[in-house]
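Observations on the model geometry
Chain residues, written in single-letter form:
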Amino acid sequence: MMRFLLLFSRQGKLRLQKWFTPLSERERKKIIRDMTTMVLARAPRSCNFLHWKDLKIVYKRYASLYFCSGLEGQDNELLALEVLHRYVELLDKYFGNVCELDIIFNFEKAYFILDEFLMGGEVQETSKLLVTKSIEESDMLQETMEEYMSKPAF
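Thresholds, definitions, all that
Residues numbered from 1 in each chain as written. Predicted model: local features only at pLDDT ≥ 70, side-chain atom pairs only at ≥ 80, totals over all residues. Heavy atoms only, no water. Helix = DSSP H or I, 4+ residues; strand = E, 2+ residues; numbered from the N terminus. Buried < 20%, exposed > 50% of the residue type's maximum accessible area, 1.4 Å probe, protein only. Core = buried A, V, L, I, M, F, W, Y, C linked by side-chain atoms within 4.5 Å. Contact = heavy atoms within 4.5 Å. Phe/Tyr/Trp six-rings, centres within 6.5 Å; stacked < 30°, edge-to-face > 60°. Lys NZ or Arg CZ within 6 Å of the ring centre and 35° of its normal. Salt bridge = Lys/Arg side-chain N within 4 Å of Asp/Glu carboxyl O.

Let's talk about unusual backbone geometry
If you check the backbone angles, Ala-63 has positive phi at about 55° while not being a glycine. Along the polypeptide, Ala-63 turns up in the loop between strand 4 (55–62) and strand 5 (65–71). Since its relative accessible area comes to 65%, Ala-63 is described here as exposed. Not every positive phi belongs to a glycine, and Asn-97 is a case in point at roughly 60°. Positionally, Asn-97 belongs in the loop between helix 2 (77–95) and helix 3 (100–105).

Here it is as structure tokens:
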């Protein structure tokens, strides 16, 4: 089970965080600080797996963003790397070549896509097609509601 998922920039700015286990705010801040420091300090050609305390850390850099996840000891690192890649593919499909600015200005959509894909630290839906369809349906519903709410009520 995935404990957390963090997205941060090359400058160490946190762009997205998802916690799948309850932690205090102090513990979260410490984990974020430790992850950004450890991952950013690593050489570009080094392995994408780390051991930190009782967790396995899996990260991958895509353009200017690092996608980092914390796993329990018995979890498969390669599968977690594939989960991170699938999330990037879903973001790419939705935003069309996703970049850091897409995450910054549309963070609610990035969280929604993540929630459609992962639930409770486990993969909820493996099909990119079904996740994309669900996101499109949600967008259509949101547009319909905005149209409905913008019409005057007589």
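Looking at the nonpolar core
Counting 27 residues, the largest nonpolar core has Leu-5, Leu-7, Phe-67, Tyr-87 and Leu-91 as the members making the most contacts within it. Only strand 1 (2–9), strand 4, strand 5, helix 2, helix 4 (107–117) and helix 5 (128–150) provide two or more residues apiece to this core. Here this core gets 8 residues from one element, more than from any other, and that element is helix 2. Beyond its immediate chain neighbours, meaning those up to four positions away, Leu-91 contacts Phe-67, Gly-96, Val-98, Ile-103, Ala-110 and Ile-113.

Remarks on the side chain of Lys-109
Looking at where Lys-109 falls in the secondary structure, it is placed in helix 4. Among all residues touching Lys-109, those that are not within four sequence positions of it are Tyr-94, Phe-95, Ser-138, Asp-139 and Gln-142.

Considerations on the packing of aromatic side chains
For the structure on display, the rule yields 6 aromatic pairs. Considering the side-chain rings of Phe-67 and Tyr-87, the 6.2 Å spacing of their centres and the 75° angle between planes classify their relative orientation as edge-to-face. With Phe-67 in strand 5 and Tyr-87 in helix 2, this pair connects stretches of sequence that are 20 residues apart. On the accessibility criterion, Tyr-87 (1% relative accessible area) is buried. Each residue in the set Phe-8, Tyr-59 and Tyr-66 is aromatic and connected to the rest through ring pairs, giving one cluster. The ring of Phe-112 carries the charged tip of Lys-109 above its face, separated from the ring centre by 5.7 Å.

Overview of the pattern of salt bridges
What the rule picks out here adds up to 9 salt bridges. Notably, a salt bridge pairs Asp-115 with Lys-18, separated by 2.9 Å at the nearest N-O pair. With Asp-115 in helix 4 and Lys-18 in strand 2 (residues 14–19), this pair connects stretches of sequence that are 97 residues apart. By relative accessible area, Lys-18 is classed as partly exposed at 21%. Among the ionic contacts, a cluster of salt bridges with common partners joins Arg-86, Glu-89 and Lys-128.

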